[in-house]
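Structure assessment
Listed below, chain by chain, are the residues.
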Amino acid sequence: MDELAPSGIRKVNEKALAMERAGETVIHFELGRPDFDTPEYIKKACIADIEKGDVFYTSNFGTMELREAIAWKLKTQNNIDYKPSEIIVSVGLSEAVFDVMTAILDEGDEILVPNPGWLNYLNVPKLLGATPITYTLKEVNDYQIDLDEIRAKVTPRTKAMVLITPSNPTGGVLAENVLKELAEIAIKNDIMVISDEVYERLLYDDAKHISIASLPGMKERTITLNGFSKAYSMTGWRLGYAACNEDIVKTVNKLHQHVVTCATSVGHFLRTVQYMPVCFAPCSCVCSRLISPSVSSWHKQDNTSICQSGEHIQHRTPYNS
Ligand SMILES: Cc1ncc(COP(=O)(O)O)c(C=O)c1O
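The model shown is predicted, which means the values in this text are computed figures rather than measured ones.

What counts as what
Residues numbered from 1 in each chain as written. Predicted model: local features only at pLDDT ≥ 70, side-chain atom pairs only at ≥ 80, totals over all residues. Helix = DSSP H or I, 4+ residues; strand = E, 2+ residues; numbered from the N terminus. Buried ≥ 20, exposed ≤ 12 C-beta atoms within 10 Å, placed from the backbone. Contact = placed C-beta atoms within 7 Å. Near = placed C-beta within 6 Å. Nonpolar A, V, L, I, M, F, W, Y, C, P; charged D, E, K, R; others polar. Axes fitted to C-alpha atoms, helices over the stretch in contact; angles between N-to-C directions. Parallel < 35°, antiparallel > 145°, perpendicular 65-115°, else oblique. Left-handed = near helix turned anticlockwise from the far one by under 90°. Pairing = 2+ DSSP bridges. Right-handed = clockwise from strand over helix to strand, strands pointing away. Core = buried A, V, L, I, M, F, W, Y, C linked by C-beta atoms within 7 Å.

Looking only at helices and strands, the protein chain has 11 helices and seven strands in total. Across the 321 residues that make up the protein chain, the buried fraction comes to 42%.

So, in structure tokens, the structure goes:
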């Protein structure tokens, strides 16, 4: 535990919250949090569910109806054919990262993780006695992954590779040709892929999000992680999910049920078929507000280029800072 580095982002956030409590106005660039409220239709549906009495534990895996809705979303929007039994609803994507890594990593395993990247992908493997091997995302490469670097860093101990696309914090969106080459490397070396797609809706210009699990031969070796925090501005609701093969789901559930029992029942309104198309509809109208004029001009002053996803504007914190 001594080696576990506290999150610099959270440290800044605590300071910002203290400043707010002291009456100061703070513009937050630290947390990956959209600057719009959870859409009204989501709030109303949840309030209706609470009033109906949907306030109890759900199945450990999440309600079957919500998992059916997620499977529908993954099929129609990401082109991946998951069954509800291949999906587990978690307390935000964050919990899924911990559970999934615990399920697949053994002591001494190596896992390739992006740098800069989201801290959890560095710290959770360390907690488990595995070794995170970082690969570098560079602005000169438009934040695409350097495939030669990946090839050079794969060893017989490499168990998995983490992709974050669109990326926090770079904003880069992995291109189809890069994903195809990564898929080839993963298949050739028998490496699993953890694909964090929580920012999939925060796309700008003509950027296109592709799920690596939709590529041939990849579904069986990919764990697709996603959630509701960013696309629907529901960071405080703590609702996410992992989609992967049933064996991993069952292992993940062992940990999940002992630690959190189930994710919040509020939010399972998505199970109502009538809400599915609406709830999973592209939220670009609200997401486009993410870069407000003031933030854009701040960003330009900072002499950095506008990338394809919005989150990079919030922090460009490498792991060690
Ligand atoms: C890449 C990435 N994945 C996941 C999360 C957290 O998602 P959730 O709120 O669903 O736990 C974050 C939070 O900033 C993130 O940056």
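This part covers the environment of alanine 186. Relative to the assigned elements, alanine 186 resides in helix α7 (residues 176-188). Separated by 36 residues in sequence, alanine 186 and threonine 222 have C-alpha atoms that sit 9.6 Å apart. Once residues lying within four places of it in the same chain are set aside, the contact partners of alanine 186 are Met161, Ile191, Val193 and Arg221.

Taken together, 13 residues lie around the ligand, and Gly32, Gly92, Leu93, Ser94 and Ser229 are the ones closest in. Here the shell around the ligand takes three residues from helix α4 (residues 92-104), the largest share from any one element. Residues belonging to the shell around the ligand are distributed by class as follows: four nonpolar, eight polar and one charged.

This paragraph deals with the packing of α4 against helix α8 (residues 246-259). A pair of packed helices is characterised by two quantities: the angle between their axes and the separation of those axes. In contact at an axis separation of 9 Å, α4 and α8 are set at 120° when each is read in the N-to-C sense. In terms of orientation, α4 lies oblique with respect to α8. Like other packed secondary-structure pairs, α4 and α8 cross with a definite hand, here right-handed. Seen from α4, the contacting residues are Asp99, Val100, Thr102, Ala103 and Ile104; seen from α8, they are Ile248, Thr251, Val252, Leu255 and His256.

With that settled, the discussion passes to the pairing of strand β5 (residues 192-196). Among the five residues that make up β5, five are buried, leaving the element largely enclosed by the rest of the structure. Of the two faces of β5, the one carrying Met192, Ile194 and Asp196 and the one carrying Val193 and Ser195 are both buried. Sheet topology note: the strand β4 (residues 158-164)/β5 ladder contains five bridges and is parallel. Bridge assignment links valine 162 to a residue of β5, and that residue is isoleucine 194. At this point the chain moves from β4, through α7, to the parallel β5, and the crossover so formed is right-handed.

Attention now moves to the sheet that holds strand β6 (residues 222-227). Pairing is mixed in the open sheet, where seven strands are placed in the order β1-β7-β6-β5-β4-β2-β3. At either margin of the open sheet sits one strand with a lone partner, and together these are β1 (87-90) and β3 (131-136). Sheet twist, expressed as the average angle between the axes of neighbouring strands with direction ignored, equals 20°. The sheet contact formed by β6 and strand β7 (residues 240-243) spans four bridges and is antiparallel. Within β7, the position partnered with leucine 225 by the bridge is alanine 242. Along the sheet face, helix α5 (residues 120-127) touches β2 (110-115), β3 and β4 and points at about 155° away from the line of β3. Seen against the sheet, α8 touches β1, β6 and β7 and runs at an angle of roughly 25° to β1.

Grouped together as the largest cluster of nonpolar side chains are 75 residues, with contacts concentrated most on Val97, Val100, Val162, Val193, Ile212 and Ala242. The leading source of residues in this core is α4, at eight residues.

Moving on to the packing of α4 against α5. Between α4 and α5, whose axes approach to 10 Å, the crossing angle comes to 35°. Once α4 is placed against α5, the crossing between them reads as right-handed. Where α4 approaches α5, its residues Ser94, Val97, Phe98 and Met101 are matched on the opposing element by Asn120, Tyr121, Val124 and Pro125. Looking at the contact of α4 with α5, its residues break down into six nonpolar, two polar and no charged.

Now for the pairing of β3. A regular strand places its side chains so that they alternate between the two faces of the sheet. One ladder, built from six bridges, connects β2 with β3; its direction is parallel. For valine 113, the partnering residue across the bridge sits in β3 and is threonine 134. Between β2 and its parallel partner β3, the chain crosses via α5, and the hand of that crossover is right-handed.

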